[in-house]
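These are the residues of each chain, in order.
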Amino acid sequence: MKVVEHSVGAILGEEEIEAIRRVISSGQSLAWGPERTAFEEDFRAYCQARHAISVSSCTAALHLCAQVLRLGPGDEVVCTPQSFQSTTLALIARGVRVRFADIDPKTLNIAPDSIEGKINERTKAIYLVHHGGNPADMDPIRKIAAAHDIPVVEDCAHAAGTEYRGQKIGAGDLCCFSFHSLKNMTTLGEGGMLTTNNDEWAAEAGALRTMGVIGETVDRGTDRIGPYAKPDSKVFDHAGISWTQDYAGIEELGTHYRLSAVQAAVGRVQLRKLDGFIATRARVAQLYTEAIAEIPGLRPVKVAEGDKSAWHLYTCFVEPDSGVDRDRFAKYLDNERGVQIILRFWPLHLSAEHRAEGHGFGESPICEKVWFEQQINLPICAAMEDWEIDTVIEALTDGMQECRA
Ligand SMILES: Cc1ncc(COP(=O)(O)O)c(C=O)c1O
């Protein structure tokens, strides 16, 4: 039996190899070279954002968001329950209370009408994901955020190239992208980007991703350390402010989250190819959607009129009245037809980390019902061949008959 893999991930070719060769032979710093700034400018322009800061992963970008927002104990955020654990890792680490909203069962994105009831005077942000590259319904969400004067943090791990109402995702408060090799574009395995329209957050995130410290400084009144005076030579400048200043208090301590010049060079090539990759994924998605419309009991994911999914994932749903058990159906596709099925994502509030904080079953009932009973993700990637698409569609058609109770 030939297996249809869930995803072969990003596609790299000669142009990427040439970009690597060019950077290595250019003599520029592999860590600090101009390639990184150029990639940031390309990505910023692509999203029409004010700033883009390249980082080592989307998880790193999400950590920087929690830092620039100074989220900590006593603060709360409202968050989608349907996402990967990276969305809330920094929040757990910093003692922030996460209040889980619920999802729209047609899109798996946060349901705007489930947000307001979770907001109180401690709420500092709304966290969401553009699930599978399908844009969340940003207009009502931004309206709620504006009414409470809080920012929206967008987990765009799947959403490079996604469009909401004709505009690329990324020109928002804080938007975090992933270039992990399984995503629609990659910077050689790992990588990410933080985009923002806020000048202050951009400056802070840029400093924090490269060991910056944010805090109030005071003049020491001397440039002596013990018996040693600061020598008058730039050789000693690497000590930064340490000869002359003290911190009155440290607010945020940066870390090392940089992307290398070689990764950035590959990212620039991949970004140029991104719309083409998405168009290929969109064709697969369209063929699935047309086929599913003819299969009783199966429902395709909904992309709103005027929006464009990046089709990182293709989700469909086994209808509750179909008489088909989702688990049996998924097992049939995987075991008997060689169609690799994945379920994304285990409800966040039911993760062991969040259960340790008192979260539990029943908190986001729509998300739970859809995850435990209805959703499956079909294989999709930009390298899919027609025989693979046909195999998936045939297996879906047969499976919905075979698995009917
Ligand atoms: C929704 C979501 N957020 C964040 C991440 C983390 O991305 P990265 O691996 O770049 O840190 C992922 C990774 O799959 C994801 O699916």
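Just so it is clear, the model here is predicted, and its values are computed rather than measured.

Each value, and the rule that gives it
- Residues numbered from 1 in each chain as written.
- Predicted model: local features only at pLDDT ≥ 70, side-chain atom pairs only at ≥ 80, totals over all residues.
- Heavy atoms only, no water.
- Near = heavy atom within 4 Å.
- Polar contact = N/O pair within 3.5 Å; in protein donor to acceptor, adjacent residues only side chain to side chain.
- Areas by Shrake-Rupley, 256 points an atom, 1.4 Å probe, with all protein chains shown as cover.
- Nonpolar A, V, L, I, M, F, W, Y, C, P; charged D, E, K, R; others polar.
- Phe/Tyr/Trp six-rings, centres within 6.5 Å; stacked < 30°, edge-to-face > 60°.
- Helix = DSSP H or I, 4+ residues; strand = E, 2+ residues; numbered from the N terminus.
- Buried < 20%, exposed > 50% of the residue type's maximum accessible area, 1.4 Å probe, protein only.
- Lys NZ or Arg CZ within 6 Å of the ring centre and 35° of its normal.

Peer 1: Just give me the short version of the site of the ligand, but keep the residues and values in it.
Peer 2: Neighbouring the ligand are 14 residues; Thr-59, Asp-155, His-158, Ser-178 and Lys-183 lie closest to it. For the ligand, an oxygen atom lies 2.8 Å from a polar atom in the side chain of His-158. Within the side chain of Ser-178, an N or O atom sits 2.7 Å from an oxygen atom of the ligand. Considered on its own, the ligand offers 400 Å² of accessible surface; in the complex 90% of this is hidden by protein. Grouping the constituent residues of the shell around the ligand by class yields five nonpolar, seven polar and two charged.

Peer 1: Let's hear about the packing of aromatic side chains: which residues, and what values?
Peer 2: The full count for this structure, using the stated rule, is 12 aromatic pairs. Aromatic pair Phe-43 and Phe-179: ring centres 5.5 Å apart, planes at 70 degrees, arrangement edge-to-face. A residue pair is termed long-range when its members are at least 10 positions apart, and Phe-43 in helix α2 (residues 34–47) and Phe-179 in the loop between β8 (174–178) and β9 (192–196) qualify at 136 residues. Relative accessible area serves as the criterion here: at 0%, Phe-43 is assigned to the buried category. Ring plane angle 65 degrees and centroid distance 5.1 Å describe the contact between Tyr-288 and Tyr-314, whose orientation is recorded as edge-to-face. With Tyr-288 in helix α7 (residues 261–292) and Tyr-314 in strand β15 (residues 314–318), this pair connects stretches of sequence that are 26 residues apart. With respect to class, Tyr-288 is no different from Tyr-314; both count as buried. Taken together, the ring pairs in this structure connect Phe-39, Phe-43, Tyr-46, Phe-177 and Phe-179 into an aromatic cluster. A cation over an aromatic ring shows up here: Lys-2 above the ring of Trp-387, its NZ or CZ 4.2 Å from the ring centre. In this structure, Arg-326 packs its charged tip against the face of Trp-371, placed 5.8 Å from the ring centre.

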